[in-house]
Structures are given as structure tokens and as C-alpha cells.
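The residues making up each chain are set out below.
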Amino acid sequence: MRHSVESRFLAIVCAALLLFVAPLFVLFLVLSSERAVKDQHDHISILLTVNQQALGKPLWELDQESVSQIIATILADPSVTAVSVRDISGSLNVTRPTFSTFASPSTESISRDITYETPTGQKNVGFITVYFEALGVFSSLKQIEVGFISIFIFAVIAVFGAAIIGNRLIVITPLLRLSDAIAATRRLGSRHHVDWQSADEMGALAKSFNEMQSTLEREERELKLAHKRATDIYNLTPAMLFSLDPDDRITAVSNYWLVATGYERNDIIGQRFEDKVHPGSRGKYRARKQEGKGEKRTLDVTVKFICADGQLMDVLIIESEKAATEGENSEHLSLSVMTDVTELKKAEDRNHRQAITDHLTGLMNRQGLEATLAEKIREADASEQQLAFLFIDLDRFKWINDHLGHAAGDAVLCQVAGKIAPLLRQNDSAARLGGDEFAIVLLSDEAEKVALDIAANLCAIFDAPFPVEGTETRLSASIGIALYPQHATTAAGLLQKSDMAMYAKKHDGKNGALMFDNSMMDKARIRAEIEAHIEEGLAQNWFDAYFQPIIDLNRQRVTGFEALMRMIHPQKGILPPGEIINVAEETGSISRLGNVILERAISHLATVSRVPGMEDCYLAVNFSPLQFEPALPARITALLTRHDIKPSRIVIEITEAVLMHDNPEIRRILDEISQFGCRIALDDFGTGYSSLSYLNRFPVDLVKIDQSFVRSVTDPDPDVRQKSRMLVEGITTISHKMGCTVIAEGVETHDHWMLLKQMGVDCGQGYFFARPQAVHRLLETIAEEPLQSMAMGAA
């Protein structure tokens, strides 16, 4: 800088001289030279013109002496260096001085013809040539011109020198002092000032520089103090603070961070933070940068950190950063705080395990299974394998809970879980979904084959009885299997379709495995449709109680009616009641449906009772085991009181399913109903697990023989026919001994009627007498002819 400003100034001055002064000086010299040369040529021309006439006669006469005198006269002119005269014939040739004496590169000449006026006219007698020295640029200058040029050059030199001296004193000197102050500030680190005072711009610049130095000195003191305070706060804060540069290298750590991790500051500064993260967490740590974008962002991530002693620490890292924006010179700013969450992570993992683990069996629960199933589906997609889902439901488990208690049921569940575990392969998963439902998830290239093999092994573990509280009990399992992606493409779909397959197996006889089939979807659709019909029917009053007469076979008259549920759909008409009842029992809506039918049936009985001869007819109403609620006796009492009907005219029909578990609550409700005066009928007797002990242990008043036995009394096979008649006679005899009335169901022919009458059966009902029908139709029939005559007409 010391020479650049002055050098540039000199260059500018020199350039000005070259551009403006030098061209003027050269122009002056050129013009002066041209003028002098023109004057010289004009002078020589005049001299030739004067002397060429004088040479005419001597050359005509070849008078050499006269020619020499004239030449001498011409040479007397200072500007002439030589003269040459010759005649036209070449006889006379005079040159003074000789050519070798005056010839030079700068010599010029002018020639003229010499003429003479003869008597015969003017003739060319010869030639004259005058030689003279050509004038140079400076030789042509006059003395006054040389003086003027000298003065001009001196003035230029004086101005040039004054400019240089002034520039050094006024500009260069203060700039040098300013640069010295800047260099000293940079080199020594202290703020130096410029010792220069003047009233011009340089003085103002020096003053401004000194003020800036003072301000910067004050700000630096404040900044150092703030930095010291910030450093103290950073190091003394009881938190693991650290900072990273844009390359993820550690630039600073707090004292607490060093104490917690065991590292030394000199060893850790400059290292990549990612290298201190456990390899299993590095992908998660790198991904943190993608979680937020923008000038300012705060990120958090939980990773495993490797301490100085090699121990792993679960840490929550909260990182706040501000990246330098475009055009900004500020550096990348980053501050992170690291919190030890090892114990919290352990507690979370423990809580998570508890949340996804069944506390009784130690298997996964439904929540854990759903998460595992989703992960298995992703694994199957990645490996292009198949996935099998086995839905397992224990058969007859409710009987264990009801008869042996829930503790025994829990023990059985633990035994089942213990026997399932050895059947699983390394990568298979098992879970208890709740109650007596289990599930298995397996991944394989041959998922269907492996699933069927495991299902077969599962069924085999139930071949041996399960010891419970000193006794042994037998179980079986119904297993539904669904495959991914053949049957379903989602976890929920697999669960749903394996559940369908399991229920289909239960309906087919339980104890075994069944692979999902698309026909099950049709059944499920029909079931869902029935569920919707039930709910809409209850809301829209689609249900009614149809009456089927019960005939006294001996007296040939109507002794009662059985109320049968019917759903009258507005578009589809009357729907089959069997499926509706099954679905209602499974969905739990049987209680509401039963209450509606009970109220309708008793209301219809009150209507029928107004018909002459029908005052004492009873009404039999079917009850599902699920309808026996504590409030049932009170509900029956209220309905009978409202319609003024005697309790003895109401028969509660129950099946063996109500009695077989010997539920104390059901027994209490039956006793209350019986004590109130209503009678109890045992329906479908002779099928399933029917036992004569029911007649002894429960307050049964009527026994209804199942229609399968009634049909068999006229079977074409003599052996079947004989055994059926013996069974009907035996049931009738025993029932009469127990004080029960016997009713035969499914009487469809005259032979049925006659044979049953001969066997001592008291009553019968069936299509032979009358079909179930709406009460208004029944009243129309009674109005046309008495119902007793209907029985006679059938006979």
C-alpha cells in the first residue's frame, strides 16, 4: 500500500503529460520545421531563377571561366553546399566543390533548365543543380523558439515535482500512518490510533478511524466479558451441553458433560459426535436432520451413547441450531443438551413389555400381536415369503370356568400356553388374544403346509387330559387359518378371516383346523345382514309371536299354544327363525328380542282368551339360556298382571343347554318362576346330552319329545321303528311317573297321531294339526270353525 497510491499518482501525472503536453510539443516542432524547410526551398528557388539567366550565354559560348565565377557567386549563399552546371552536349560540366566533399544522406538538390535567346529563337543550352543540406527538427528552430521551449519544459518539470511533493505530504503521509495503525492493530491485537490532525478529508478520515478504534476497543472489552460469562455459564450449568460444527464435529462441551461421560476435553474436542453413538442408533441419529428444515429448528432424538468406559447410556438429545443464511457471514450455530434417560428408557421398555404381554401366560397380548403382525407383514413383503395366521379357540373352556372356577381356568390356560411354546419355530410368535383365544403368526416359503402341520400338532396336545386341582379335564381346540397375501393384505384382514375360519370349524363340529375359504365371506355377509335385520327389526317392530296349537291327543281339543318368533321383513317377508336366534344369541341381542316376543305372546294370549273355549289354554314360550336374567321373574309377573292372565297358563320352555351346566343363578330364577305358578317344559328331550336327572333336579312340569323320535316311529326300517317306539314309550312312562305331561313335537301324519296316542303321549303339535300362524289368522280360523273341530277334522 505504501507504494501503490504514490505509484498510481505518478502514473496518472505521466499519463497526463503524455496525453496532453507531449502532443502539443511535437506539433510545435513539426510546424516550425515545415516553415523553415519551406523558407529554405523558396530561397534556393529564387537564387536559381536569378542565376540561370546569367549562365545562358556562357554555356552557349562554352565559357568555363564565366560559369565558374557565377557558381562561386551562388556558393557564397550559406544555405548552398554545392553547384553543378553542364551544357546540353556534355562538353562543359562544372561542379563546385567536388561531389565527394558534400554528399551526405541529408543533402537535397534542386535542378533547373538553362536557356539562351539565339537569333533563331530560345534554346535549352544546359542544366544547373543546386545542392543544400536539409533542415532537421531542431536545426530549423530559431533562437527565440528554443528559449520558449526551454521555459515550457522547466514549467512542466516544476509542476510535476510540486504534485509529487504535495501528494506525499497531504495524502501519502496520513495514509501511511493509517496503514501503520491498522498493521499494528492486526499484529499486536491492541487498538492503535492515527496521529494526524488536519481540517481536510484526511483529517476527517483519521478522526473517524480513531473514533471507530475507540468504539471497537470498548465493544471488544464488553464482548470478552460476555464471552467469559457465557463460557462460565456453559461450563457450570448442571446439564450435558455440547456444540457441533456443520461437519458434526464437537466444538465445545460443558464440564457436566465431561463428568457424566468420562471423557477429557482435549480428547473429545474435534471428534465426530456420530462416532460416539452406538452403531444401532446411528441411522436414527442421522435421520434427525430430516425432521425439520428452515433457518431455525429444534430437533430431538433418543439414541444410545458410548461413554469413555465403554458403557452404553440412553440419552435424549435436544438440538437447537441456526444455519447461516445466504449472504450471511455468521458461522453455523449449534447447541445441544444431552439428558441421561437410561432408567426412563428401561421403565418405558418394561412398561411396553407389560403393555404387550399377557400377565397370565407370559405370551403376547392382542396389542403386542397386532404390532408383531404388522412387522411380520413388512418382513414378508421384503423377503417375498408367505405369512400364516392361526386363530385358536378352546372348546368347552367355559365349562371349566363354570364348574371348577376361574382359578382352574387360569391354570388350564397356562398349561395350554406352555404346550404351545415347544411347537413354535425360532421366528414364530404366539399370543393370547383374551379369554380362551390364542393366536400364532409364522413366516415361511410354505406357510400353508407349515401352518397345517403346527395346527395338527396343536390338536394333538389336547389328546391327553389336563390335570386341574386333583382332577382331569379334557379340552379341544378349533383353529382357523388365514394366509398373507392370498386371503388378506392387512393385519386386520388376517385376524378377521382367521376368526371366520375358526367359527366355521366350530359350526362344523369343533376340534380341528380349517383353512379360510371365500365361501366363509358369504356366510359372514349373511350373518352381518341378519345382525342388521335384527337391529332394524327391533327398532321398526318387525318381530311377532306366531301361535301353533298344541292338541290333547285323547280328548281331541286344543289345550295350549306354543309361541314361535317370526321376523316379517317388509321386502323379504318371513325370514327363517333358526339363523336369527343363533345370531341373536351370539351377538347378545337375544335378551331384547326375547323380551319383545314374550310381551307380544302374552298380549296375543290375552286376545285369544276372549274367544269362547280358549279361556284356559296355556301358552308355551321358548327361552334361551342367555335370557335368564335376575329381572326375568319380575318381568313375567308384570306382564301377566297387566293382561290379567293366571301364571299357570304360562309355560317356560327350556332346553338342556339351560340345565346342563347347573348354573346356580339359572336354578334360582327357575325356582322363582315355578313358585310364582308358571310351569316349566323341557324341550327337545332325548337329544344331545339329555339326562333323566334333569327331571329329578329341576322343577320340570312338561316334557317335549324331540320330533326326530316322532318321525322315526313310522320309519321304513323295522329296527329303527321298533327302537324309536320303545324310546318314546320309555320317555312317556318315566315322565308320567315323575308327574310330567308329555308332548310330542313334529306330528305330521295320522299314523303319528294314532301311534303316539297308543303309547300314552298326552299332547302333540305339528303340521298335521296346524302350522304356526299369525294371531289374526288364528282368530279368523276360530271364527270360521272351532279349533277343536280342526283337531277332529284332522282325525
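Here's a quick rundown of the structure. (Residues numbered from 1 in each chain as written. Predicted model: local features only at pLDDT ≥ 70, side-chain atom pairs only at ≥ 80, totals over all residues. Heavy atoms only, no water.)

**Some words on the layout of surface pockets**
Here comes step 1: A volume near 540 Å³ is recorded for the second largest pocket.
Here comes step 2: As for the second largest pocket, its lining consists of 19 residues, of which H507, K523, A524, R527 and E586 are closest to the centre.
Here comes step 3: Among the secondary structure elements, those contributing two or more residues to the lining of the second largest pocket are helix 15 (491-507), helix 16 (518-540) and helix 17 (577-587).
Here comes step 4: Here the lining of the second largest pocket gets eight residues from one element, more than from any other, and that element is helix 16.
Here comes step 5: In the lining of the second largest pocket, the residues fall into nine nonpolar, three polar and seven charged. (1 Å grid on protein atoms, 1.4 Å probe; cavity = no way out; pocket = protein on both sides within 12 Å on 5 of 7 lines; lining within 4 Å. Points joined across faces, edges and corners; volume = space filled by probe spheres on them. Helix = DSSP H or I, 4+ residues; strand = E, 2+ residues; numbered from the N terminus. Nonpolar A, V, L, I, M, F, W, Y, C, P; charged D, E, K, R; others polar.)

**With respect to the packing of aromatic side chains**
Here comes step 1: Inspection of every chain in the model, using the stated rule, returns 13 aromatic pairs.
Here comes step 2: Arranged with centres 6.0 Å apart and planes meeting at 25°, the rings of W257 and Y263 form a pair that is stacked.
Here comes step 3: For Y263, a relative accessible area of 13% corresponds to the buried category.
Here comes step 4: Taking 6.0 Å as the distance between ring centres and 45° as the angle between the ring planes, the aromatic pair formed by F623 and F628 counts as tilted. Across the pair, exposure class does not vary: F623 and F628 are buried alike.
Here comes step 5: Through a chain of ring-to-ring contacts, three or more aromatic side chains come together here, namely F242, W257, Y263, F273, Y285 and F305.
Here comes step 6: Here the basic side chain of K419 rests over the ring of F466, its NZ or CZ set 4.3 Å away from the ring centre.
Here comes step 7: The ring centre of Y618 lies 4.8 Å from the NZ or CZ of R679, which sits over that ring. (Phe/Tyr/Trp six-rings, centres within 6.5 Å; stacked < 30°, edge-to-face > 60°. Buried < 20%, exposed > 50% of the residue type's maximum accessible area, 1.4 Å probe, protein only. Lys NZ or Arg CZ within 6 Å of the ring centre and 35° of its normal.)

**Structural notes on the nonpolar core**
The tendency in soluble globular proteins is for nonpolar side chains to be buried as a group.
Here comes step 1: Core analysis: the biggest nonpolar cluster contains 73 residues, and F547, F561, I580, L619, F628, I636 and I652 have the highest contact counts within it.
Here comes step 2: Setting aside residues up to four positions removed in sequence, I652 forms contacts with V621, F623, F628, I636, I673, R679, I680 and A681.
Here comes step 3: Core analysis: the next-biggest nonpolar cluster, separate from the first, contains 35 residues, L390, I440, L458 and A477 among them. (Core = buried A, V, L, I, M, F, W, Y, C linked by side-chain atoms within 4.5 Å. Contact = heavy atoms within 4.5 Å.)

**Observations concerning the sheet that holds strand 4 (residues 121-133)**
Here comes step 1: Pairing is antiparallel across the open sheet formed by four strands, whose spatial order is 2-1-4-3. Two strands close off the open sheet at either side, each with one partner strand: strand 2 (93-96) and strand 3 (107-118). If you compare each strand with its neighbour and ignore which way they point, the axes differ by 15° on average.
Here comes step 2: Bridging between strand 3 and strand 4 involves 12 bridges; their strand directions are antiparallel. Residue pairing for strand 4: E117 is matched across the bridge by Q122.
Here comes step 3: Helix-sheet contacts for helix 3 (residues 64-75) involve strand 1 (80-87), strand 2 and strand 4, and the interaxial angle to strand 1 is about 155°. (Pairing = 2+ DSSP bridges. Axes fitted to C-alpha atoms, helices over the stretch in contact; angles between N-to-C directions.)

**So, the packing of helix 19 (residues 632-643) against helix 21 (residues 664-676)**
When two helices pack together, their arrangement is captured by the angle between the axes and the distance separating the axes.
Here comes step 1: With their axes 9 Å apart at the nearest point, helix 19 and helix 21 run at an angle of 25° to one another. On the basis of the axis angle, helix 19 is roughly parallel to helix 21. Here helix 19 runs over helix 21; the crossing is right-handed. For the pair helix 19 and helix 21, the contacting residues are L632, P633, I636, T637 and L640 in the first and I669, E672, I673 and F676 in the second.
Here comes step 2: Taken together, the residues of the contact of helix 19 with helix 21 sort by class into seven nonpolar, one polar and one charged. (Parallel < 35°, antiparallel > 145°, perpendicular 65-115°, else oblique. Left-handed = near helix turned anticlockwise from the far one by under 90°.)

**Comments concerning the pattern of salt bridges**
Opposite charge on two side chains lets them pair, provided their charged atoms get close.
Here comes step 1: Per the stated rule, a full pass over the model turns up 26 salt bridges.
Here comes step 2: Across the salt bridge formed by E535 and R592, the nearest N and O atoms sit 2.6 Å from each other. Residue E535 is located in helix 16, and its partner R592 is located in helix 18 (residues 590-608); the two are separated by 57 residues in the primary sequence.
Here comes step 3: Among the salt bridges present, the one from E672 reaches R668, with a minimum N-O distance of 2.3 Å. Of this pair, E672 and R668 both sit in helix 21, four residues apart, which is roughly one turn of the helix.
Here comes step 4: Judged by its relative accessible area of 34%, R668 falls in the partly exposed class.
Here comes step 5: What emerges from the salt-bridge pattern is a single network uniting E562, E653, K704 and E745. (Salt bridge = Lys/Arg side-chain N within 4 Å of Asp/Glu carboxyl O.)

**Remarks on the pairing of strand 5 (residues 240-244)**
Here comes step 1: Taking burial as the measure, the five residues of strand 5 include five buried ones, the bulk of the element.
Here comes step 2: Side chains M240, F242 and L244 project from strand 5 onto one buried face, and the interleaved L241 and S243 project onto a second face that is buried too.
Here comes step 3: In this structure, strand 5 lies alongside strand 6 (residues 250-253), joined through three bridges in antiparallel fashion. Of the residues in strand 6, the one forming a bridge with S243 is A252.
Here comes step 4: Between strand 5 and strand 6, which follow one another and run antiparallel, lie five residues, and D248 among them has a positive phi close to 70°.

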